[in-house]
Amino acid sequence: MMIGGAPSFLLLFLLPITVLSAFEVPYPQSSAQIRSSIVASDASFPPPPPPPQNKNDENQPITRQILLGSGTMAEVITCIPPKKTTSPDMLENIFSSLFGTDNKSSSSSSSNKKKPTLAFLHGSFHASWCWAEKYMPYFASLGYPCVAFSLQGTGGTPVMEAGAKKVKIESHVADLNAFLKGLSDDDTASLGLGLGDDPKIVLIGHSFGGLTIMKWLEQTYGDKNDDNNNSPKDINLAGVGLMCSVPPSGNGAMTMRFIRRSLVDAWKITAGFVMKKAITDKAICRDLFFGGTEDDNGISDEDVERYQSYFQRDTVATIDLGDLAKKLPSALADGETGRAPFVDRVPPVFVVGATEDFIVDREGVDETARYMGLEEPLIVDSPHDVMLGRRWNNGADAILEFIGAL
């Protein structure tokens, strides 16, 4: 018998792997070597080549390692527009100094128009680099300060526990909270990025980064937020965006839907993530992240090779799925509506799905939208990696529309 274009006996092999392991990847054999390449310039394992540089030198992303308040030495990428004094401001200052007029109200009005800082969080097999190629220079060119950090075990952020193969969701949430608090210059654990004493922040997560944000929202705005170090008073959160996010129920139910629809596609996901074929097989890599092989989506084979070298580095440690399964956001959702109990306390939210998402299906995107109290998500023309490739601007336009209405 055939199911979804593949022999049904494969179901017996796929089911335990995909449901129990989901998108988990094994710890690489050369993990210590990979980790040393992250923190040492003379490491024997060469780091991936740098991404192509944007021609606008004023909005070049800057990468550095910064100690977060949580204790994690994190890779942080910033792309902050240069501060410029506009002509009207100069005239106001001159007029004020000559005639002794008070321009506080004018300054206050100007500060109120300050654009929010966009804080980006990546998903599995990725790190903060994925935002730095297109989105961060673009939004910085429009006047939006952009920041991103890499989760433990990805990019230039080593795991706190040397040799750890897995990272618990609590560690990612603690790092996210420390990162967001550190964006304020007046916080005791400030990262010193020069964003001001109380910058407005729009938090945007992709794929697994979206689920991490849901857990952070739960701890920050939930009924038990007094039991942890998260407080909405500490962070001036103006909005939240979840793009192609892993749904609140995780990958389990979604994986079963893939198996019922097509064992071929389910196999590609299993091979790509669990067997790490996304790092070595260009076709699988394109299918999972970039829209398949029929249309290269503006991503050359050289780009794919470069991204695959990043994926190798970004799988040093993976999320502890066994631990996460006991703490999924959906556990708190209303049984009838699917809404999170704290959603009325959260700033405005937008949820984006993609027409050609190979990893997160439409049902998963709808589930995320319901959880965040929305009637429906916004669907853009894009593969899973909305921030890369020729159609990156479709997701960027969705972000612009959202922050323009704040």
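Each remark here, short or long, concerns the structure printed above.
Below: a short report on this structure. (Residues numbered from 1 in each chain as written. Predicted model: local features only at pLDDT ≥ 70, side-chain atom pairs only at ≥ 80, totals over all residues. Heavy atoms only, no water.)

1. Focus on the pattern of salt bridges
Here's step 1: Inspection of the entire model under this criterion finds 21 salt bridges.
Here's step 2: Of the charged contacts, one joins Asp-320 and Lys-168 as a salt bridge, the two residues approaching to 3.5 Å between their closest N and O atoms. You can see Asp-320 sitting in the loop between strand 10 (318-319) and helix 13 (321-325) and its partner Lys-168 sitting in the loop between strand 7 (166-167) and helix 7 (169-182), a full 152 residues away along the chain.
Here's step 3: The salt bridge involving Asp-287 is made with Lys-268; its shortest N-O contact spans 3.0 Å. Linking Asp-287 in helix 11 (residues 282-290) with Lys-268 in helix 10 (residues 263-274), this pair joins segments that are 19 residues apart in sequence.
Here's step 4: Relative accessible area serves as the criterion here: at 14%, Asp-287 is assigned to the buried category.
Here's step 5: Exposure remark for Lys-268: the relative accessible area of 24% places this residue in the partly exposed category. (Salt bridge = Lys/Arg side-chain N within 4 Å of Asp/Glu carboxyl O. Helix = DSSP H or I, 4+ residues; strand = E, 2+ residues; numbered from the N terminus. Buried < 20%, exposed > 50% of the residue type's maximum accessible area, 1.4 Å probe, protein only.)

2. Observations regarding the packing of aromatic side chains
Here's step 1: Counting across every chain of the model gives 24 aromatic pairs.
Here's step 2: Centre to centre, the rings of Tyr-138 and Phe-139 are 5.2 Å apart; their planes meet at 65°, and the pair counts as edge-to-face.
Here's step 3: Tyr-138 gets classed as partly exposed once you look at its relative accessible area, which sits at 24%.
Here's step 4: An aromatic cluster of three or more residues is present, and its members are Phe-125, Trp-129, Phe-273, Phe-289, Phe-290, Tyr-307, Tyr-310 and Phe-311.
Here's step 5: Sitting over the face of the ring of Tyr-144, Lys-115 holds its NZ or CZ atom 4.8 Å from the ring centroid. (Phe/Tyr/Trp six-rings, centres within 6.5 Å; stacked < 30°, edge-to-face > 60°. Lys NZ or Arg CZ within 6 Å of the ring centre and 35° of its normal.)

3. A few points about the side chain of Asp-323
Here's step 1: Tracing the backbone through its elements, the reader meets Asp-323 in helix 13.
Here's step 2: On the basis of relative accessibility, which here comes to 9%, the residue Asp-323 falls in the buried class.
Here's step 3: Here Asp-323 is in contact with Lys-168, Ile-169 and Glu-170, once residues within four sequence places are set aside. (Contact = heavy atoms within 4.5 Å.)

4. Details of helix 12 (residues 301-313)
Here's step 1: Taking 1.5 Å per residue as the helical rise, helix 12 with its 13 residues ought to reach 18 Å, and the 19 Å between its terminal C-alpha atoms agrees with that figure.
Here's step 2: Among the residues of helix 12, those classed as buried are Asp-303, Val-304, Arg-306, Tyr-307, Gln-308, Tyr-310, Phe-311, Gln-312 and Arg-313. (Expected span 1.5 Å × (residues − 1).)

5. Some words on unusual backbone geometry
Here's step 1: The phi torsion at Phe-125 lies on the positive side, around 65°, for a residue other than glycine.
Here's step 2: Within the secondary structure, Phe-125 sits in the loop between strand 5 (117-121) and helix 5 (129-132).
Here's step 3: Overall, the relative accessible area of 3% leaves Phe-125 in the buried class.
Here's step 4: Residues other than glycine seldom take positive phi values, yet Asn-297 does so here, at roughly 55°.
Here's step 5: Along the chain, the position of Asn-297 falls in the loop between helix 11 and helix 12.

6. Concerning the sheet that holds strand 11 (residues 349-356)
Here's step 1: The strand order 3-4-6-5-8-9-11-12 describes an open sheet built from eight strands, whose pairing is mixed. Each having just a single partner strand, strand 3 (62-67) and strand 12 (378-383) make up the two edges of the open sheet. In this sheet, adjacent strand axes meet at a mean angle of 25° when their direction is disregarded.
Here's step 2: Of the pairings in the sheet, the one linking strand 8 (residues 201-206) to strand 9 (residues 237-243) comprises six bridges and is parallel in character. Paired with Ile-204 across the bridge in strand 9 is Gly-241.
Here's step 3: The sheet strands contacting helix 14 (residues 362-371) are strand 9, strand 11 and strand 12, and the helix crosses strand 11 at an angle near 175°. (Pairing = 2+ DSSP bridges. Axes fitted to C-alpha atoms, helices over the stretch in contact; angles between N-to-C directions.)

7. Quick word on the environment of Leu-191
Here's step 1: The residue Leu-191 is located in the loop between helix 7 and strand 8 in this model.
Here's step 2: With relative accessibility at 9%, the residue Leu-191 sits in the buried group.
Here's step 3: The sequence separation of Leu-191 and Lys-181 amounts to 10 residues, and the corresponding C-alpha distance is 8.7 Å.
Here's step 4: Every residue in contact with Leu-191, bar those within four places of it in the chain, is listed here: Ile-66, Leu-67, Leu-68, Phe-179, Gly-182 and Leu-183.

8. Describing the pairing of strand 11
Within a regular strand, side chains alternate between the sheet's two faces.
Here's step 1: In terms of burial, strand 11 is a largely internal element, six of the eight residues being buried.
Here's step 2: In the sheet, strand 9 pairs with strand 11 via four bridges, with the strands oriented parallel. Opposite Val-240, over in strand 11, you have Val-349 as the bridge partner.
Here's step 3: As paired elements, strand 11 and strand 12 share four bridges and run parallel to each other.

9. Focus on the environment of Asp-334
Here's step 1: Relative to the helices and strands, Asp-334 resides in the loop between helix 13 and strand 11.
Here's step 2: When the C-alpha atoms of Asp-334 and Tyr-371 are compared, they prove to be 8.5 Å apart, with 37 residues separating the residues in sequence.
Here's step 3: Side-chain polar atoms of Asp-334 contact the backbone nitrogen of Thr-337, separated by 2.9 Å. (Polar contact = N/O pair within 3.5 Å; in protein donor to acceptor, adjacent residues only side chain to side chain.)

10. Notes on the environment of Arg-313
Here's step 1: Here Arg-313 is to be found in helix 12.
Here's step 2: In this structure the C-alpha to C-alpha distance between Arg-313 and Thr-154, which are 159 residues apart in sequence, comes to 6.5 Å.

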